[in-house]
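# Examination of the molecular architecture
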Amino acid sequence: MPGLLGKKIGMTSVFSADGKNVPCTVIEVGPCVVTQIKTADTDGYEAIQLGFEQKKDKHTTRPMAGHFSKASVAPQRHLAEFKGFDGEYKLGDTITVDNLFTEADFVDIQGTSKGRGYQGVVKRHGFGGVGQSTHGQHNRQRKPGSIGACSYPAKVFKGMRMGGQMGNQKVTVQNLQVVKILPEHNLMMIKGSIPGCKGSIVIIEK
């Protein structure tokens, strides 16, 4: 699906036409530049590679510097590929938020969730805890309990819900409504929340 790269700015709220207060997430979408055009003849599929946020030449490796110079664009910090763009685009073309999205559209947003570090089963999976708080049970209220039988199957199955790393994963939220677009500031307001912290990079697909 066609889309653009953006940066999460934060959350706010706006009033709808019927007077309801709607919570919204503000995203800085683009402008994105076309850094590569992939075709079925040379690459086996058709897609457009877009770049977002310029960076200095000294922070760019030589292979990537050659890649950007071939497209006659400045070095870009973030790259992503999209399929299904309507119209013809050339290397170096700039795509803004108002070129692709309109108000009342529905989009899918992909981002990286906030990292929570190592967490136990109560916070990570919503376990209720085992045992009782009396009769000497002083440190087992938030334990997972048994994770497998002793005799059979005599092993722990794959996918057993246990403590471990929580968050910092790729998350996609679908069918979010575009409330408002401010093309002069490259801003888009999305109804509801999206994954990631402030300043994180997200992918908005139509």
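See the structure above.
Residues numbered from 1 in each chain as written. Predicted model: local features only at pLDDT ≥ 70, side-chain atom pairs only at ≥ 80, totals over all residues. Heavy atoms only, no water.

### Examining the packing of aromatic side chains
Going through the model one piece at a time under the given rule, you end up with two aromatic pairs. Residues Phe82 and Phe85 carry aromatic rings whose centres are separated by 6.4 Å and whose planes lie at 90° to one another, so their mutual orientation is edge-to-face. With respect to class, Phe82 is no different from Phe85; both count as buried. Summarising the aromatic geometry, the rings of Phe85 and Tyr89 are spaced 5.6 Å apart at their centres and angled 75° between planes, so their arrangement reads as edge-to-face. The class for Phe85 is buried, based on a relative accessible area of 14%. Members of the aromatic cluster, joined through ring pairs, are Phe82, Phe85 and Tyr89. (Phe/Tyr/Trp six-rings, centres within 6.5 Å; stacked < 30°, edge-to-face > 60°. Buried < 20%, exposed > 50% of the residue type's maximum accessible area, 1.4 Å probe, protein only.)

### Structural notes on the sheet that holds strand S10 (residues 170-182)
Spatial strand order, S1-S2-S11-S10-S7-S12: six strands in a closed barrel with antiparallel pairing. The mean angle between the axes of side-by-side strands here comes to 50°, regardless of whether they run parallel or antiparallel. (Pairing = 2+ DSSP bridges. Helix = DSSP H or I, 4+ residues; strand = E, 2+ residues; numbered from the N terminus. Axes fitted to C-alpha atoms, helices over the stretch in contact; angles between N-to-C directions.)

### A short note on the sheet that holds strand S3 (residues 32-38)
Pairing in this open sheet of four strands is antiparallel, and the strands run S5-S4-S3-S6 from one edge to the other. Looking at the sheet topology across the chains shown, the edges are occupied by strand S5 (76-82) and strand S6 (94-95). Sheet analysis places strand S4 (residues 47-54) next to S5, joined by six bridges and oriented antiparallel. Counted as the bridge partner of Phe52 is His78 from S5. Those strands touched by helix H1 (residues 62-71) are S3, S4 and S5, and its axis lies near 95° from that of S3. (Contact = heavy atoms within 4.5 Å.)

### A short note on the pairing of strand S7 (residues 106-112)
The side-chain alternation of S7 yields one buried face, formed by Val107, Ile109 and Gly111, and one unburied face, formed by Phe106, Asp108, Gln110 and Thr112. Two strands pair when backbone bridges link them, and S7 and strand S12 (residues 201-205) are joined in this way by three bridges, in the antiparallel orientation. Across the sheet, Asp108 pairs through a bridge with Glu205, a residue of S12.

### Some remarks on the pairing of S4
Burial within S4 is extensive, with six of its eight residues counted as buried. Direction of pairing for S3 relative to S4: antiparallel, over a ladder of five bridges. Paired with Val34 across the strands is Leu50, a residue of S4.

### Section: the environment of Gln110
Relative to the elements of secondary structure, Gln110 occurs in strand S7. By relative accessible area, Gln110 is classed as partly exposed at 25%. Sequence separation between Gln110 and Glu205 is 95 residues; the distance between their C-alpha atoms is 8.2 Å. Beyond its immediate stretch of four places on either side in the chain, Gln110 contacts Lys170, Val171, Thr172, Ile201, Val202 and Ile203.

### Focus: the nonpolar core
One finds Leu50, Phe101, Ile109, Met188 and Ile204 to be the most contacted residues of the largest nonpolar core, which totals 27 residues. Listed in part, the five residues of the second largest apolar core include Val14, Val22, Val26 and Met189. (Core = buried A, V, L, I, M, F, W, Y, C linked by side-chain atoms within 4.5 Å.)

### Description of the pattern of salt bridges
As enumerated under the stated definition, the model contains three salt bridges in all. Lys38 is the salt-bridge partner of Glu81, the closest N and O atoms lying 2.7 Å from each other. Here Glu81, found in strand S5, pairs with Lys38, found in strand S3; they are 43 residues apart in sequence, far enough to count as distant. With a shortest N-O distance of 3.9 Å, Arg77 and Glu53 are connected by a salt bridge. Placement of the pair is Arg77 in strand S5 and Glu53 in strand S4, with a sequence separation of 24 residues. Here Glu53 falls in the partly exposed class, since its relative accessible area comes to 22%. Because the salt bridges share partners, they merge into one network encompassing Lys7, Glu53 and Arg77. (Salt bridge = Lys/Arg side-chain N within 4 Å of Asp/Glu carboxyl O.)

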